[in-house]
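Chain by chain, the residues:
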Number of protein chains: 2
Amino acid sequence: MYTIGVDLGGTNIAVGLVNENREIVKRLSTPTNAERPYDEIIADMGAIVNKLIDDNGIDKKDIKYVGIGAPGVLDNEAGTVSDNSNIHWINYPIRAKFQQYVDLPVFLGNDANVAALAEYVGGCGKGSKNFVMLTLGTGVGGGIVLNGKLYTGSHNIGAEIGHAIFKADGNKCGCGNHGCIEAYCSATALIKMALKDLDENTDSQIAKSEKVNARTVIDAARDGDEYGMKLFKEYTDNLAQVLASIVNFLDPDVIALGGGVANAGEFLLEPVRNKVQQHVTFSHLYGTKILKAQMGNDAGIIGAACLGE
Amino acid sequence: MYTIGVDLGGTNIAVGLVNENREIVKRLSTPTNAERPYDEIIADMGAIVNKLIDDNGIDKKDIKYVGIGAPGVLDNEAGTVSDNSNIHWINYPIRAKFQQYVDLPVFLGNDANVAALAEYVGGCGKGSKNFVMLTLGTGVGGGIVLNGKLYTGSHNIGAEIGHAIFKADGNKCGCGNHGCIEAYCSATALIKMALKDLDENTDSQIAKSEKVNARTVIDAARDGDEYGMKLFKEYTDNLAQVLASIVNFLDPDVIALGGGVANAGEFLLEPVRNKVQQHVTFSHLYGTKILKAQMGNDAGIIGAACLGE
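Each residue is numbered by its place in its chain's sequence as written, counting from 1. Ligands are numbered from 1 and chains lettered from A, in the order in which they are written. Local features in this predicted model are restricted to residues whose pLDDT is 70 or higher, and side-chain atom pairs enter the listing and the counts only when it is 80 or higher, whereas totals over whole chains, interfaces and linings include all residues. To get the side-chain values, take all heavy atoms of the structure and skip hydrogens and water.

Peer 1: Help me understand the overall build of chain A in this model?
Peer 2: Counting secondary structure elements, chain A contains ten helices and twelve strands. Just to be clear, the radius of gyration here is over C-alpha atoms, and the globule rule we use is 2.2 Å times residues to the power 0.38. Computed over its C-alpha atoms, the radius of gyration of chain A comes to 20 Å, within 12% of the 19 Å expected for a compact globule of 309 residues. Principal-axis analysis of the C-alpha atoms gives chain A an extent of 60 × 45 × 35 Å. For every residue, the accessible area (1.4 Å probe, protein chains only) is compared with the maximum for its type, and the residue is labelled buried under 20%, exposed over 50%, or partly exposed between those bounds. Across the 309 residues that make up chain A, the buried fraction comes to 57%. Here a residue-residue contact requires only that any non-hydrogen atoms of the pair lie within 4.5 Å. Considering only contacts within chain A whose residues lie at least 6 apart along the sequence, 59% involve residues at least 24 apart. Secondary structure follows DSSP: runs of H or I at least 4 residues long count as helices, runs of E at least 2 residues long count as strands, and numbering of each begins at the N terminus.

Peer 1: Would you mind going over the interface of chain A and chain B with me for this structure?
Peer 2: How big an interface is tends to be stated in terms of accessible area lost as the parts join. Between chain A and chain B, the contact holds 46 residues from the first and 46 residues from the second. Values labelled buried area give the accessible surface lost by two parts on being combined, using a 1.4 Å probe and summing over both. Looking at the side of chain A facing chain B, the largest losses of area belong to Ile157(A), Phe249(A) and Phe282(A), adding up to 18% of the total buried there. Every case where a carboxyl oxygen of Asp or Glu lies within 4 Å of a side-chain nitrogen of Lys or Arg is listed as a salt bridge. Seen at the junction of chain A and chain B, the total is two salt bridges. Across the pair Asp169(B) and Lys167(A) runs a salt bridge, and its minimum N-O distance is 3.3 Å.

Peer 1: Looking at this structure, how should I read the packing of helix H7 (residues 214-222) of chain A against helix H8 (residues 226-250) of chain A?
Peer 2: Between two packed helices, both the angle of their axes relative to each other and the distance between the axes serve to describe the pair. Residues and elements named next belong to chain A. For the pair H7 and H8, the least separation of the axes is 7 Å and the interaxial angle reads 110°. It follows that H7 is roughly perpendicular to H8 by the angle criterion. The handedness of the crossing between H7 and H8 is left-handed. Facing Val217, Ile218, Ala220 and Ala221 of H7, the residues of H8 in contact are Gly228, Met229, Leu231 and Phe232. In the scheme used here, Gly and all other residues not listed as nonpolar or charged are polar, with Ala, Val, Leu, Ile, Met, Phe, Trp, Tyr, Cys and Pro taken as nonpolar and Asp, Glu, Lys and Arg as charged. Its residues assigned to classes, the contact of H7 with H8 comprises seven nonpolar, one polar and no charged. To get an axis, a line is fitted to the C-alpha atoms, and for a helix only the part in contact is used. The angle between two axes follows their N-to-C directions and goes from 0 to 180 degrees. Orientation categories follow fixed angle ranges, with anything under 35 degrees roughly parallel, anything over 145 roughly antiparallel, 65 to 115 roughly perpendicular, and all other angles oblique. For any helix crossing, the convention is left-handed if the near helix is rotated counterclockwise from the far helix by under a right angle, and right-handed if that rotation is clockwise.

Peer 1: So what exactly am I meant to see when it comes to the side chain of Ser245(B) here?
Peer 2: Mapped onto the elements of the fold, Ser245(B) is located in helix H8 (residues 226-250). The class of Ser245(B) is buried, set by a relative accessible area of 11%. At 2.7 Å, the side chain of Ser245(B) and the backbone nitrogen of Ile165(A) are in polar contact. When residues no more than four places from it in sequence are discounted, the contact partners of Ser245(B) are Ala164(A) and Ile165(A). Whenever two N or O atoms come within 3.5 Å, that pair is a polar contact, provided that in protein one can donate a hydrogen and the other can accept it, and provided that, for residues adjacent in sequence, both atoms are side-chain atoms.

Peer 1: How do you make sense of the sheet that holds strand E12 (residues 289-292) of chain A when you look at a structure like this?
Peer 2: Whether parallel or antiparallel, the strands of a sheet pair through hydrogen bonds between backbone atoms. All names here are of chain A. For two strands to pair, DSSP has to find at least two bridges joining them. One open sheet accounts for five strands, arranged E10-E9-E8-E11-E12; its pairing is mixed. Of all the strands in the sheet, just strand E10 (149-150) and E12 have a single pairing partner and so form its edges. Sheet analysis places strand E8 (residues 131-136) next to strand E9 (residues 140-146), joined by six bridges and oriented antiparallel. Its bridge partner being in E9, Val132 is matched across the sheet by Ile144. Against the sheet, helix H3 (residues 111-122) engages E8, E9, E10, strand E11 (254-258) and E12, with an angle of about 50° to E9.

Peer 1: Is there a simple way to explain helix H9 (residues 266-279) of chain A in this structure?
Peer 2: It helps to recall that an α-helix has 3.6 residues per turn; residues three or four apart then point in one direction. All names here are of chain A. With 14 residues, H9 extends 20 Å from end C-alpha to end C-alpha; this agrees with the ideal 20 Å at 1.5 Å per step. Along H9, the residues that are buried comprise Leu268, Leu269, Val272, Lys275, Val276 and His279. The inward-facing, buried residues of H9 abut H8, E11 and E12. For a helix, the expected span equals 1.5 Å multiplied by the number of residues minus one.

Peer 1: Is there a simple way to think about the pairing of strand E3 (residues 24-31) of chain A in this case?
Peer 2: Taken residue by residue, a regular strand's side chains alternate between the two faces of the sheet. Residues and elements named next belong to chain A. Examined bridge by bridge, strand E2 (residues 12-18) and E3 share seven bridges and lie antiparallel to one another. Of the residues in E3, the one forming a bridge with Val15 is Leu28. As consecutive antiparallel partners, E2 and E3 are separated by five residues, and within that stretch Arg22 has a phi angle of approximately 60°, a positive value.

Peer 1: Please clarify how H8(B) should be interpreted in this entry.
Peer 2: All names here are of chain B. Across its 25 residues, H8 extends 36 Å between first and last C-alpha, which sits within 8% of the 36 Å expected from 1.5 Å per residue. Counting buried residues in H8 gives 19 out of 25 residues, a clear majority hidden from the surface. If you check the start of H8, you find a side-chain oxygen 3.2 Å away from the backbone N of Tyr227, and it comes from Asp225. Remark: Asp251 follows H8 within two positions and exhibits a positive phi of approximately 45°.

Peer 1: What is the right way to read the pattern of salt bridges from this model?
Peer 2: If charged atoms from side chains of opposite charge come close, those side chains can pair. Residues and elements named next belong to chain B. All chains considered together, the criterion is met by 21 salt bridges over all chains. With a closest N to O distance of 3.8 Å, Glu309 and Lys64 form a salt bridge. Note that Glu309 is positioned in the segment after helix H10 (299-304) and Lys64 in strand E4 (residues 63-70), a separation of 245 residues in sequence. Taking the relative accessible area as the measure of exposure, Lys64 reaches 41% and is therefore partly exposed.

Peer 1: Quick question: what am I supposed to make of the sheet that holds strand E3 (residues 24-31) of chain B here?
Peer 2: Residue and element names in this part refer to chain B. The strand order across the open sheet built from five strands is E3-E2-E1-E4-E7, with neighbouring strands paired in mixed fashion. Two strands in the sheet have a free side with no partner beyond their single neighbour: E3 and strand E7 (106-110). Across the sheet, the axes of successive neighbouring strands diverge by a mean angle of 15°, strand direction being ignored. Where E4 meets E7, five bridges bridge the pair, whose relative direction is parallel. Each bridged residue has a counterpart across the sheet, and for Gly69 the counterpart in E7 is Gly109. Strands strand E1 (2-8), strand E2 (12-18), E3 and E4 of the sheet are contacted by helix H1 (residues 38-55), whose axis makes an angle of about 30° with E2. Against the sheet, helix H3 (residues 111-122) touches E4 and E7, its axis set at about 100° to E7.

Peer 1: Can you walk me through the packing of H8(B) against helix H9 (residues 266-279) of chain B in this structure?
Peer 2: Residues and elements named next belong to chain B. With their axes 8 Å apart at the nearest point, H8 and H9 run at an angle of 55° to one another. In terms of orientation, H8 and H9 fall into the oblique class. When you trace H8 past H9, the crossing you get is right-handed. Side by side, H8 and H9 meet where Phe232, Lys233, Tyr235, Thr236, Asp237, Leu239, Ala240, Gln241, Leu243, Ala244, Val247 and Asn248 of the first sit next to Phe267, Leu268, Pro271, Val272, Lys275, Val276 and His279 of the second.

Peer 1: Is there a simple way to explain the packing of aromatic side chains in this structure?
Peer 2: We describe a pair of aromatic rings using the distance from one ring centre to the other and the angle between the two ring planes. Residue and element names in this part refer to chain B. What counts as a ring pair is set by centres within 6.5 Å for rings of Phe, Tyr and Trp (its six-membered ring), and what kind of pair is set by the plane angle: stacked under 30 degrees, edge-to-face over 60, tilted for all other angles. A full pass over the atoms with the stated rule returns eleven aromatic pairs over all chains. With centroids separated by 4.0 Å and ring planes inclined at 55°, the aromatic side chains of Tyr38 and Tyr92 adopt a geometry described as tilted. Placement of the pair is Tyr38 in helix H1 and Tyr92 in the loop between strand E6 (80-82) and helix H2 (94-99), with a sequence separation of 54 residues. Among the residues examined, Tyr38 registers a relative accessible area of 31% and is labelled partly exposed. We classify Tyr92 as buried; its relative accessible area is 3%. Their ring planes at 70° and their centres at 5.5 Å tell us that Phe166 and Tyr184 sit as a pair that is edge-to-face. With Phe166 in the loop between strand E10 (149-150) and helix H4 (182-185) and Tyr184 in helix H4, this residue pair connects regions lying 18 residues apart in the sequence. On the accessibility criterion, Tyr184 (8% relative accessible area) is buried.

Peer 1: Which parts of the structure should I look at to understand the relation of the copies chain A and chain B?
Peer 2: What connects the two chain copies is a rotation about an axis and a shift along it. For the match of chain A to chain B, the screw axis carries a shift of 0.0 Å, the RMSD comes to 0.0 Å, and the turn is 180°. The transformation relating the two chain copies, once decomposed into turn and shift, fits a two-fold axis. Residues of chain A ranked by C-alpha distance from the rotation axis are headed by Lys167(A), positioned 2.0 Å from it. A shared binding surface is used by both copies, with 100% of the interface residues of chain A retained as interface residues in chain B. Here the copies were fitted onto each other by least squares, based on C-alpha atoms from residues at pLDDT of at least 70 in both.

Spelled out as structure tokens, the structure:
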């Protein structure tokens, strides 16, 4: 038996045929052209899934279901998607529309949640019971798996961990609030921190680089650059307190860190782990593992292909 | 069939015989004398449970189990209690010791979690699926019920919501960290806020009261006292952001507020509800009800008596 995972991204619709070992055995992709009416996007999504099935001579009876991961608030019960700020879908009946093209059971999930599910089933969360993932990228995405099940809340708007308040009255966040985790722990936040006092740190290798991104700052810290180390310390102090809050709140087996900042690997994780322990209330009983996410670009397809489990 | 709930408090051991409608039909209590060796406390706990059974002529076969709610970190799987900062129990085999006196199945829970469970089964959380309780008292206690089950994390140290960071580098908390929710939302925090600038607000009715407690401040706000209203606004601003963070994180059906501050009832809840909505990321999909806890002093016994469900 197979499942099919659909990763509806802002740029591409990527689909994959996934086997029982949760490996992508065949894949296809087509541009999203996200500005189009959503009916057109769904039509293309249906067409590419059918092509995946037909090209590989798969009998539909051998496909358990199709899982779709998409941005926005996905309501798997109602079969709808809402509040995708990029594509402006509101209560759009994504399942019913998609099933006009593909006559298979369909499960829905938000893209960040789907990535967490992938990491849980096949990545660094494998074998754990309670699992939290944070994606430290342009924003801070969140995903929660509890007792082995994706947790999205009572109205499908949970796991928006990036918008929990970390520093009340603090940095302005893209969402309009002040002090969100995202405003301190995203790659964007790290870049902003670096740019803020860059004029006063012209000796730093960060000031000499053509473009400042998260990697510029992390490389500078790694190279022993004073300004880079200062920024990195501040960032990891903040991140560690956020992770300690997650431990105090949900005490998971594993917290996975993904996204651009997490590419720093152990250079990031080691100091963060030590600092987290200092902030956990019952620190001597603390056992959460803080690990780098492993699934990379395939997380969208594989997670979607597990949504029905 | 009955269950028995044991509420091990710092002052009293309260026990109750609870029927299938989750009503306390008989109750007894005895002083804890918490300074004693824990073996003695457990012996008294066993004695009073046996007395409850014998006095009422109950056949042990009609008792499904005994649930014990106690301070500290309770490990229901291992049958132990750790890290009770008041009574200094570390990995104490509470279940095995108790069963030397009472030969019945025993379930264990932390007291704050047990109170949340009581509120979930018989109070304002009744009928909900995902439920969070905050007790706004001397500290801020937390309890989480997800998919109808008490959630305590992978190492039994979760649901310590009071020690999630709300304002990094902010007010010092009793736990040693800075900026915990407890340092902004407990009754203690409200009192500290009031005392801080009291010298500059000698006209306020708060300055004229013999002793400042949470009620003094809330009454002043209710009476239109300028300083009282300012403090109350600040407190509710903070609390609302905390609750919005909980919504963004777990999106429960209900958040119950208990403890001294919550006694202010609708005067507190109404402004808080409005402010929460402003801070929730997907505010138009927000559906969490914010309610006053109803179970009062019986929560400890009733929640404990439900631990085996």
